[in-house]
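Tertiary structure, described
If you want the building blocks of each chain, they are given just below.
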Amino acid sequence: MTKTTTSAPVLGSRALNRATLDRQLLLRRSGLSAKAAVGHLLGLQAQNVKPPYYALAARLDGFTPEALSELLADREVVRIVTMRSTIHTHTAEDCLTLRPLVQPARDRELTNFRKGLEGVDLGRLAVLARELVEAEPRTMKQLREALLAEWPDADPQALAIAARCRLPLVQVTPRGLWGRSGQVALTTAEHWLGRPAESGPAPDATVLRYLAAFGPASVKDMQTWAGLTRLRDAFERLRPELRIFRDENGVELFDLPDAPRPAEDTPAPPRFLPEFDNLLLSHADRTRVVPKEYWGRSWQGNQAYCTLLVDGFLAGVWKLTADALVVEPFGRLTKAQREDVTAEGERMLATLHPGASYDIRFGTVVPH
C-alpha cells in the first residue's frame with residue numbers, strides 16, 4: 001500500500017452509500033430531463049423493456065413513461081449491447097462513443113464461441129451482417145438463417161452472436177416503447193441514427209463521467225461496471241486532478257474534487273428499483289449498497305427480482321401482480337419505514353400506472 005493511500009481519508013460504507021445515492025439521483029428526485037438523466041447515468045440497464053422506466057421513475061421528479069418512449073421513437077436514445085455484454089438504454093451520443101470504448105470486451109466475448117465459428121471469416125461476416133440489417137431490420141432468427149446459408153457448418157447461434165459482437169446493433173422501435181409490444185429487430189447504430197460511430201475514445205473522459213455517476217470508486221469498480229480490464233493507466237493519468245480516499249479495507253478510491261459526499265446520516269428515502277439496476281451492479285465491492293447478509297437475495301437461479309432500498313441499502317424485493325404491489329422485506333421494518341415504503345409505492349404506481357388500482361401488500365415475493 002502506498003504512502004498516499006495509507007494517509008488518504010477513510011470512507012465507510014454509509015459514507016460511500018450516501019455519495020453514490022446522491023450521484024445516482026436516489027437521495028432526492030432530480031429535475032433533470034429523461035435524456036439528461038440517461039446521459040448522466042451513462043445509460044440504464046435494459047435487458048427487459050420496463051426496467052429503464054422504473055429506474056427513471058425512482059430518480060426523476062415529474063417523470064412520465066411517455067418522456068422516455070418519445071426519446072426512443074425520436075432516436076434520441078437507443079437500446080444496444082454495451083457494458084458487461086448486456087443491453088443498455090443510451091443516449092445516441094453515448095451509443096456512438098461508449099460502444100467503441102467497450103469493443104475490446106465484445107471481441108473477447110467472441111473467444112467463447114470459437115468452436116462454433118471454425119472456418120468463419122469474421123471480417124466477411126461483419127460486412128455481410130451489416131448489409132443484411134441495413135437493408136431492413138432483422139431479428140436474431142433471421143440473421144442466423146441468412147448467415148447460416150453462407151456458413152452451413154457453423155453454429156447458428158454463434159453466427160448471430162458474432163454479428164452482435166462485431167457490429168453496434170441497436171434494437172429498433174417499437175421495441176422498448178412503454179405499453180407497446182414488438183419483437184427484437186436489429187440494425188446498425190450508424191444506420192438508425194444517420195451518422196457514423198466515433199473511433200474508440202481514450203477512457204479518461206469516461207472515467208470522470210463514471211466517477212460523477214458512481215464514485216467514489218476504485219479501478220476495479222469501474223472495470224466491473226464497464227466489463228473492461230486495464231483501466232489503471234487512465235486513473236493514473238488523472239490522479240493529479242482527483243481526490244484520493246480509501247475504504248475500510250484500505251482499497252484506494254478515486255473521486256472528483258467537487259463531487260457531492262453527503263454526511264453518512266443524510267436521510268435516504270425508500271426507492272423501488274427494477275431488476276438489474278446499475279446501482280447494484282457497477283462496483284466490484286457492492287457492500288456500499290448490498291449488506292453482506294443479503295448478498296444473493298435479489299435473484300434466484302436466472303430470475304432477478306426488482307429491488308427495494310430502505311435507508312439507502314438493499315432491504316427487500318418486490319413485484320407487481322394483476323392487482324397488487326407485493327413487497328417482501330428481508331428484515332423487520334419499523335412502522336415508520338413501512339409507512340414510507342407504502343407512500344413511495346403509491347407514488348411509483350401513480351407515475352407509471354396512473355388510473356390503475358393496486359393494493360400494496362407486504363408478503364412473499366420469492367418462493368421458499
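Preceding this paragraph is the structure being described.
Our subject in this report is the structure included herewith.

The rules we used
- Residues numbered from 1 in each chain as written.
- Predicted model: local features only at pLDDT ≥ 70, side-chain atom pairs only at ≥ 80, totals over all residues.
- Heavy atoms only, no water.
- Helix = DSSP H or I, 4+ residues; strand = E, 2+ residues; numbered from the N terminus.
- Rg over C-alpha atoms; globule rule 2.2 N^0.38 Å.
- Buried < 20%, exposed > 50% of the residue type's maximum accessible area, 1.4 Å probe, protein only.
- Contact = heavy atoms within 4.5 Å.
- Areas by Shrake-Rupley, 256 points an atom, 1.4 Å probe, with all protein chains shown as cover.
- Lys, Arg positive; Asp, Glu negative; His and termini not counted.
- Charge placed at Lys NZ, Arg CZ, Asp CG, Glu CD.
- Axes fitted to C-alpha atoms, helices over the stretch in contact; angles between N-to-C directions.
- Parallel < 35°, antiparallel > 145°, perpendicular 65-115°, else oblique.
- Nonpolar A, V, L, I, M, F, W, Y, C, P; charged D, E, K, R; others polar.
- Pairing = 2+ DSSP bridges.

1. Considerations on the overall build of the chain
A count of helical and extended segments in the chain gives 15 helices and 14 strands. Whereas a compact globule of 368 residues would reach a radius of gyration of roughly 21 Å, the chain reaches 21 Å, a difference of no more than 12%. Across its three principal directions, the C-alpha atoms of the chain cover 65 × 60 × 40 Å. Split into buried and exposed, the 368 residues of the chain put 55% on the buried side. At a minimum sequence separation of 6, the contacts of the chain that also span at least 24 residues come to 67%. Total accessible area on the chain is roughly 16400 Å²; 50% of this is exposed by carbon and sulfur atoms. Across the chain, the mean location of the 47 positive side-chain charges is 3 Å away from that of the 45 negative side-chain charges.

2. Quick word on the environment of leucine 281
The topology assignment puts leucine 281 in the loop between strand S8 (271-273) and strand S9 (299-300). Overall, the relative accessible area of 17% leaves leucine 281 in the buried class. Leave out the neighbours within four places in its chain, and leucine 281 touches Gln45, Arg84, Thr224, Phe276 and Arg286.

3. Topic: unusual backbone geometry
Cis geometry marks the peptide bond from threonine 173 to proline 174; its omega dihedral reads 20 degrees. Mapped onto the elements, proline 174 comes out in the loop between strand S4 (169-171) and strand S5 (186-188). Proline 216 follows glycine 215 through a cis peptide bond whose omega is -5 degrees. One non-glycine residue with positive phi stands out, namely phenylalanine 276, at about 60 degrees. If you trace the backbone, phenylalanine 276 turns up in the loop between S8 and S9. Classification of phenylalanine 276 as partly exposed rests on a relative accessible area of 35%.

4. Focus: the packing of helix H9 (residues 140-150) against helix H10 (residues 156-166)
Two numbers describe how H9 lies on H10: the axes approach to 8 Å, and their chain directions differ by 110 degrees. By the criterion of interaxial angle, the relationship of H9 to H10 is roughly perpendicular. For the pair H9 and H10, the contacting residues are Met140, Leu143, Arg144, Leu147 and Leu148 in the first and Pro156, Gln157, Leu159, Ala160, Ile161 and Ala163 in the second. Here the residues of the contact of H9 with H10 are counted per class, giving 9 nonpolar, 1 polar and 1 charged.

5. Description of the sheet that holds strand S2 (residues 77-81)
Overall, antiparallel pairing links the 5 strands, which are arranged S1-S3-S2-S4-S5 in an open sheet. Looking at which strands have only one partner, the edges of the open sheet turn out to be strand S1 (44-45) and S5. For S2 and strand S3 (residues 87-91), the ladder comprises 5 bridges, and the chain directions are antiparallel. Counterpart to valine 77 in the pairing with S3 is threonine 91. Against the sheet, helix H5 (residues 65-73) makes contact with S2 and S3, and its axis sits at roughly 75 degrees relative to S2, the strand it touches most.

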